[in-house]
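# Topology and contacts: notes
Next come the chains, spelled out residue by residue.
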Amino acid sequence: MNCEVKVKDRIGTINPIFTCQPAGAQYASIGIKDCIGIVHGGQGCVMFVRLLISQHLKESFEIASSSVHEDGAVFGALDRVETAVEVLLSRYPHVKVVPIISTCSTEVIGDDIDGLITKLEEGLLAEKFADREVHLLPIHTPSFVGSMVSGYDVAVRDFVKKFAKKGAPTGKINLITGWVNPGDVKELKHLLKEMDIDATVLFEIESFDSPIMPDGKAVSHGSTTIEDLQATGSAIHTFAPNRYEGGKAAQLLEKKFKIPSTVGPTPIGIRNTDALLKKLSQVTGKPIPVSLVRERGIAIDAITDVAHMFLADKKVAIYGNPDLAIGLAEFCLDLEMKPQLLLLGDDNASYVNDPRIKALQDNVDYPMEIVTNADFWDLEDRLKNKGLELDLILGHSKGRFISIDYNIPMVRVGFPTYDRAGMFRNPVVGYGGATWLAEQMANALFNDMEVKKNKEWLLNVW
Amino acid sequence: MAKSKEKNVARANYPKLYDHDPLADVEPELRARISEMETYIMKNCLWQFNSRGWDRRKQNAGILGKTAQLLVGEVVDNPTPLDKCHWVDAVLLARNFKERCLWLADLGADEIRSIIEKLHARIDWLTIDGSLNEELTVQNY
Amino acid sequence: MPYHEFEVSKCIPERKMHAVVKGPGEDLTHALPKGYLNTIPGTISERGCAYCGAKHVIGTPMKDVIHLSHGPVGCTYDTWQTKRYISDNNNFQLKYTFASDVKEKHIVFGAEKLLKQNILEAFDAFPDIKRMTIYQTCATALIGDDMSAIAEEVMAERPEVDIFVCNSPGFGGPSQSGGHHKINIAWLNQKVGTVEPDITSDYVINYVGEYNIQGDQEVMLDFFRRMGIQVLSTFTGNSTYDSLRSMHRAHLNVLECARSAEYLCDELRVRYGIPRLDIDGFGHKALGDSLRKIGLFFGIEDRAEAIIAEETARWKPELDWYKERLQGKKVCLWPGGSKLWHWAHAIQEEMGVKVVSVYTKFGHQGDMEKGVSRCGEGALAIDDPNELENQEAMLTLKPDVIFTGKRPGEVAKKMRVPYLNAHAYHNGPYKGFEGWVRFARDIYNAVYSPMHQLSAIDISKDDYETGKGFVTRRMLSDAGLPEEAKASPLTGYTGKFDPIPDLRQKTYPAFERRVAPAVAE
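Procedures and definitions
Residues numbered from 1 in each chain as written. Chains lettered and ligands numbered in written order. Predicted model: local features only at pLDDT ≥ 70, side-chain atom pairs only at ≥ 80, totals over all residues. Heavy atoms only, no water. Contact = heavy atoms within 4.5 Å. Buried area = accessible area lost by both parts, 1.4 Å probe. Salt bridge = Lys/Arg side-chain N within 4 Å of Asp/Glu carboxyl O. Polar contact = N/O pair within 3.5 Å; in protein donor to acceptor, adjacent residues only side chain to side chain. Helix = DSSP H or I, 4+ residues; strand = E, 2+ residues; numbered from the N terminus. Nonpolar A, V, L, I, M, F, W, Y, C, P; charged D, E, K, R; others polar. Pairing = 2+ DSSP bridges. Buried < 20%, exposed > 50% of the residue type's maximum accessible area, 1.4 Å probe, protein only. Axes fitted to C-alpha atoms, helices over the stretch in contact; angles between N-to-C directions. pLDDT = per-residue confidence, 0-100. Phe/Tyr/Trp six-rings, centres within 6.5 Å; stacked < 30°, edge-to-face > 60°. Parallel < 35°, antiparallel > 145°, perpendicular 65-115°, else oblique. Left-handed = near helix turned anticlockwise from the far one by under 90°.

### Notes on the interface of chain A and chain C
How big an interface is tends to be expressed through the accessible area that disappears when the partners come together. Taken together, the contacts link 77 residues of chain A with 73 residues of chain C. The junction of chain A with chain C conceals about 6200 Å² of combined surface from both sides, 61% of it contributed by carbon and sulfur atoms. On the chain A side of the interface with chain C, the three residues burying the most area are A:Ile11, A:Arg91 and A:Phe144, jointly 13% of the side's total. Here chain A and chain C share five salt bridges between them. For A:Glu59, the salt bridge is made with C:Lys414, and the minimal N-O distance between the two is 2.5 Å. If you look at where chain A meets chain C, you find 31 residue pairs in polar contact (both at pLDDT 80 or more). For the side of chain A that touches chain C, the secondary-structure elements that each account for two or more residues are β2 (13–14), α2 (44–57), β4 (64–65), α3 (70–75), α4 (78–91), α5 (104–108), α15 (376–385) and α16 (400–405) of chain A. For the side of chain A that touches chain C, the element with the highest residue contribution is α2(A), accounting for nine residues. For the side of chain A that touches chain C, a count of residues per class yields 36 nonpolar, 24 polar and 17 charged. With two bridges joining them, β2(A) and strand β3 (residues 98–99) of chain C adopt antiparallel strand pairing. In the sheet register, A:Ile14 faces β3(C), and the bridge partner there is C:Phe98.

Set out below in structure tokens:
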């Protein structure tokens, strides 16, 4: 077999590719309108995640902390959550949804946030906020389990579990996008619009990309409403194209509300976008319109300009959230490139059973490595000590120094991409995303040829 | 209970000198002169803001004591590195006072000593005895 | 100086004690904000945790060290690559971070074995690095791992390595300041005095509380070297681990950020009799006076004066160019801790701006004493600020610019207030005579950005006169200036994009020793 899947062979982490579960729950929470989460733990668990999100999106989002200090860590800190809920609701009159997101410390001390929520619902909410719509929900995201990816998955499921209701059939589909960018949501909604399909999108985060308005009053926020979340229980079908970032919610809807679901594939590249559209068409009975045939053609036209002349046989390493990394690898193969190394986040044992991974193992005709629970040292060590040669790196900004120190061009994709301007605005999914990705990769290689004076004259004519 | 006891222990390191502003009754012209000096210190210096009360007492006494000596032309003795460190802050302070407070030139040595003594009392009041900083009495650094 | 009550905080009355406005004729004994108290949960405070205060702020700037956090991976990831403390060894400490990657099974069965394996693995991956710091996190503090015992074990097995252990879990204190304190004391107790330095000068200092943000430390070291002073160690920016073990041999501790490192200086004063001299590296007068004092201490004031004269002649005119154009601009000075007092007076005096508010995220009352003293009357001082209070303050104070962190800066952006990064700087370094001009330049560029001017315009309204193809900063900043100022040939900043590489190339004159070096016995 050419393609090997292995777990990182070291016990520790040198330069982590992913962060821990609460970060995923926090990123999910900001997608909901009138929602401010309370992270139950030390203050850093919030402060740094807010910073990370603001670095990526160049916007600020509100997430609160229960600010657990020493005494709370010793004697239990549920009183901190109680205060936090009361203070938050008192000062933010618009807030309707308050997830209580646990962390490693409060899971270790065993704070019963579920029990507390019942107590608060019967006490504080009934007494002090009786005339207000407020929903509290627990989200258990101990940091020593999974990663930000599973934290996101758990949070989406818990939001859906809290709100989904069986109502009159809406005829809508659910689209659970996974951990994506505003640009991706825009692209996905565009595809749905062209297909004339009505969908509930989790989460509506196009509004993360927000303006400065002359009155100085604009704020960035997610736009998924409580009604949207409730409506997920009455949909005809759930699409969760990112298996590990929404798959759990799709499962829940299937089990509890008998809503059939399609989980995966990540719609990166022409082929996976085709698959999504075909399935959408099948489920809704709506035909794929000529406009999308044309759009697809424009993408293929653009990609043809760069693929077999420039991208073919280029060796690439890809890291990041598993759905993204796998989707990118698949697309790279369609572009005639040669992914050498896939670094997938966390220790999720089920990655090896992912049909896409199986397909890679069955069909890749050159040596390729897939490492799970990976860190950046898995990449750097191979470059530094084991003779790995690369033409390109695909991944997020935390790997920037590998690109810089080993002189390998890099296209920023995923989360976070703080060291390049405006990346969150562009899609990687859909036909638009395919074009953008292929052209970004080509331009990165062009720039590299010029910087290194490596056939830099080639582009004199093109 | 335990906390206030600790405070008392810490307090023992630097007995309280003033229970009200020691310059409250100073006549306005003199008060204005001291204010000039006080303002300079509070805007430009950091030595008066060590974190603990007992250190502030030493800093204020050391630096303002040497400042007075310098202003009246006495030879300043610096037997230890800590003295020397007080002295360098005093030198800068004395220079700036001379430059900014031109009226100093008209005063005799006793008057200068007296005015710096009042300034010292005032700085002690602001930074120690009248200070609202609750950490001054913390026992450890 | 009455306490200030925010409309948005009326429902949490204890907040009232955390903000004051300095009134006419009032002083520190009238009111001082409460400080360094437990955060009120749910306020959306800006504070971080004690782990980050220890590891991220103070530990990691040490440049030749494996910085390993013992816990789940998040603490490490989240605090990695969010600061700009550079070093002259190719930024090893910025590039590499290590997590023991604690999982559920370790929480149940203990993670000491995991830690040991991690330590060995990390040293094996970087065979040239022989020094390590290990930081506790919330999870490993709660399960009670004995990190020191593991470190001792490894040091016994590998005598060539040295390991420092810092027990400062995230919950250890109201803010990151708890971690500053813990790592100060831990370093002092574990490491100071364990290496004997090579003394090469009659004048030996430690430079304490300086983290080399965008090269600040290297700028200051340049001055010290020009004076013939040996800087034994810098705590901790751009410093080696072993140099910090020899701190006990300095003649003087020069303290910059008292907030994060005064504990160490105070203890060194008590234990080793090394005096503590507080200085300001920001602002021409304050920096000049600081160099003078260090010169005086060693009897080499002339060397300081020579530097001050040269640097002032070079940079003061450019600073004045900005001062003329920034006159009266209102500033919210909202940093983390020490900069509220480092900058408050100096920017008003030397750049002409007016500080309308100071705040401190993690400072103590001592920081507020300095900050409030150095502000003018009417300035709003806030301890442990939160999101809504900041917005209310910006709406009422209407600042022209705000100096704060990245994320609060995004809030300000939406409110149409230009922001400069007070922690990591925009285009620093800001220390030194030249750096101070760079700071003024960045303020000017923010305040007079043509884009900022455009952001105020509502294109749907009728009163917007188009017709200009562009506007320059000069057109905006010089509109109200007298003719002679406009006609002056002086300009703003003329230095390089990055002044640090030149400093690294520099050689320094050898000064003759006054005292013959003691012969080793």
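That was the structure; now back to the text.
### Considerations on the pattern of salt bridges
Following the criterion strictly, the structure yields 91 salt bridges over all chains and no others. A salt bridge links C:Glu7 to C:Lys10; the shortest N-O distance between them is 2.9 Å. Exposure remark for C:Glu7: the relative accessible area of 53% places this residue in the exposed category. The partly exposed category is assigned to C:Lys10, whose relative accessible area is 44%. A single network of salt bridges, built from pairs that share partners, joins A:Glu4, A:Lys6, A:Lys8, A:Arg10, A:Asp347, A:Glu369, A:Asp375, A:Asp378, A:Arg382, C:Asp101 and C:Lys103.

### A closer look at unusual backbone geometry
All names here are of chain A. Cis geometry marks the peptide bond from Leu202 to Phe203, where omega comes out at 5 degrees. Looking at where Phe203 falls in the secondary structure, it is placed in the loop between β8 (199–202) and α9 (226–231). Notably, Ser67 is not glycine yet its phi reads approximately 50 degrees, a positive angle. Residue placement: Ser67 occurs in the loop between β4 and α3. When its relative accessible area of 3% is taken as the criterion, Ser67 is described as buried. Notably, Asn407 is not glycine yet its phi reads approximately 55 degrees, a positive angle.

### Thoughts on the interface of chain B and chain C
With 34 residues of chain B at the contact, the number on the chain C side is 45 residues. Both sides of the chain B and chain C interface together cover about 3400 Å² of buried area, and 54% of this is carbon and sulfur. Three residues stand out in chain B for area buried against chain C, namely B:Lys43, B:Leu46 and B:Tyr141, and they jointly supply 23% of the buried area on that side. Where chain B meets chain C, there are six salt bridges. When the shortest N-O distance is used, the salt bridge between B:Arg122 and C:Asp27 registers 2.8 Å. Between chain B and chain C we count 21 residue pairs in polar contact (both at pLDDT 80 or more) in total. For the side of chain B that touches chain C, the elements supplying multiple residues, two or more each, are α2 (28–44), α3 (53–71), α4 (81–100) and α5 (109–129) of chain B. When residues of the side of chain B that touches chain C are assigned to their parent elements, the largest contribution, 12 residues, is made by α4(B). Tallied by class, residues from the side of chain B that touches chain C come to 16 nonpolar, eight polar and 10 charged.

### What about the pairing of strand β5 (residues 162–166) of chain C?
Residues and elements named next belong to chain C. Within β5, five of the five residues are buried, which leaves the element mostly enclosed by the surrounding structure. Of the two faces of β5, the one holding Asp162, Phe164 and Cys166 and the one holding Ile163 and Val165 are both buried throughout. One ladder, built from five bridges, connects strand β4 (residues 131–136) with β5; its direction is parallel. Residue pairing in the sheet places Arg131 in a bridge with Asp162 of β5.

### Let's talk about the arrangement of the chains
A comparison of contact numbers over the two pairs of chains in contact places chains A and C at the top. Without any contact between them, chain A and chain B keep their closest C-alpha atoms 16 Å apart.

### With respect to the sheet that holds strand β10 (residues 261–263) of chain A
Residues and elements named next belong to chain A. Across the sheet, four strands lie side by side as β8-β7-β9-β10; this open sheet has parallel pairing. Single-partner strands in this sheet number two, and they are β8 and β10. Within the sheet, the average angular offset between the axes of one strand and its neighbour, ignoring direction, is 15 degrees. Of the strand pairs in this sheet, strand β7 (residues 173–176) and β8 are connected by four bridges, and their pairing is parallel. Its bridge partner being in β8, Ile173 is matched across the sheet by Ala199. Along the sheet face, helix α11 (residues 269–284) touches β7, β9 (237–240) and β10 and points at about 175 degrees away from the line of β9.

### Concerning the confidence of the model for chain B
Mean pLDDT over chain B works out to 93, with 93% of the residues at or above the 70 mark. Among the prediction metrics, the complex's ipTM stands at 0.96, with pTM recorded as 0.96.

### Some thoughts on the packing of aromatic side chains
Enumeration according to the criterion identifies 43 aromatic pairs over all chains in this entry. The interplanar angle of 50 degrees and the centroid separation of 5.0 Å between the aromatic rings of A:Trp179 and A:Phe415 together place this pair among those described as tilted. On the criterion of sequence distance, the pair formed by A:Trp179 in the loop between β7 and α8 (182–194) and A:Phe415 in the loop between β15 (410–412) and α17 (430–451) is long-range, its members being 236 residues apart. You'll find A:Trp179 and A:Phe415 in the same group, each marked buried. Members of the aromatic cluster, connected to one another through ring pairs, are C:Phe282, C:Trp343, C:Phe403, C:Tyr425, C:Tyr430, C:Trp436 and C:Phe439.

### Comments concerning helix α11 (residues 258–272) of chain C
Structural remark: α-helix, 3.6 residues per turn; residues separated by three or four positions point the same way. All names here are of chain C. Most of α11 sits out of view: 12 of its 15 residues are buried. Buried within α11 are the following residues: Ala258, Arg259, Ser260, Ala261, Glu262, Tyr263, Leu264, Cys265, Asp266, Glu267, Leu268 and Arg269. Looking at the residues trailing α11, positive phi occurs at Gly273, about 70 degrees.

### Re the sheet that holds strand β6 (residues 204–210) of chain C
All names here are of chain C. Ordered by their spatial adjacency, four strands build an open sheet running β7-β6-β8-β9, and the pairing between neighbours is parallel. Looking along the sheet, the strands with just one partner apiece sit at the ends: β7 (230–236) and β9 (276–278). On average, each strand axis in the sheet is tilted by 25 degrees relative to the strand beside it, whichever way the strands run. Strands β6 and β7 of the sheet are contacted by helix α9 (residues 216–226), whose axis makes an angle of about 160 degrees with β6.

### Looking at the packing of α2(B) against α5(B)
Residues and elements named next belong to chain B. It is the contact of α2 with α5, at a shortest axis distance of 10 Å, that shows an interaxial angle of 55 degrees. In terms of their interaxial angle, α2 and α5 are classed as oblique. Judged by the sense of rotation from one axis to the other, the crossing of α2 with α5 is right-handed. For the pair α2 and α5, contact is made by Leu30, Arg31, Arg33, Ile34, Met37, Glu38, Ile41 and Met42 and by Ile115, Ile116, Lys118, Leu119, Arg122, Ile123, Leu126 and Thr127, respectively.

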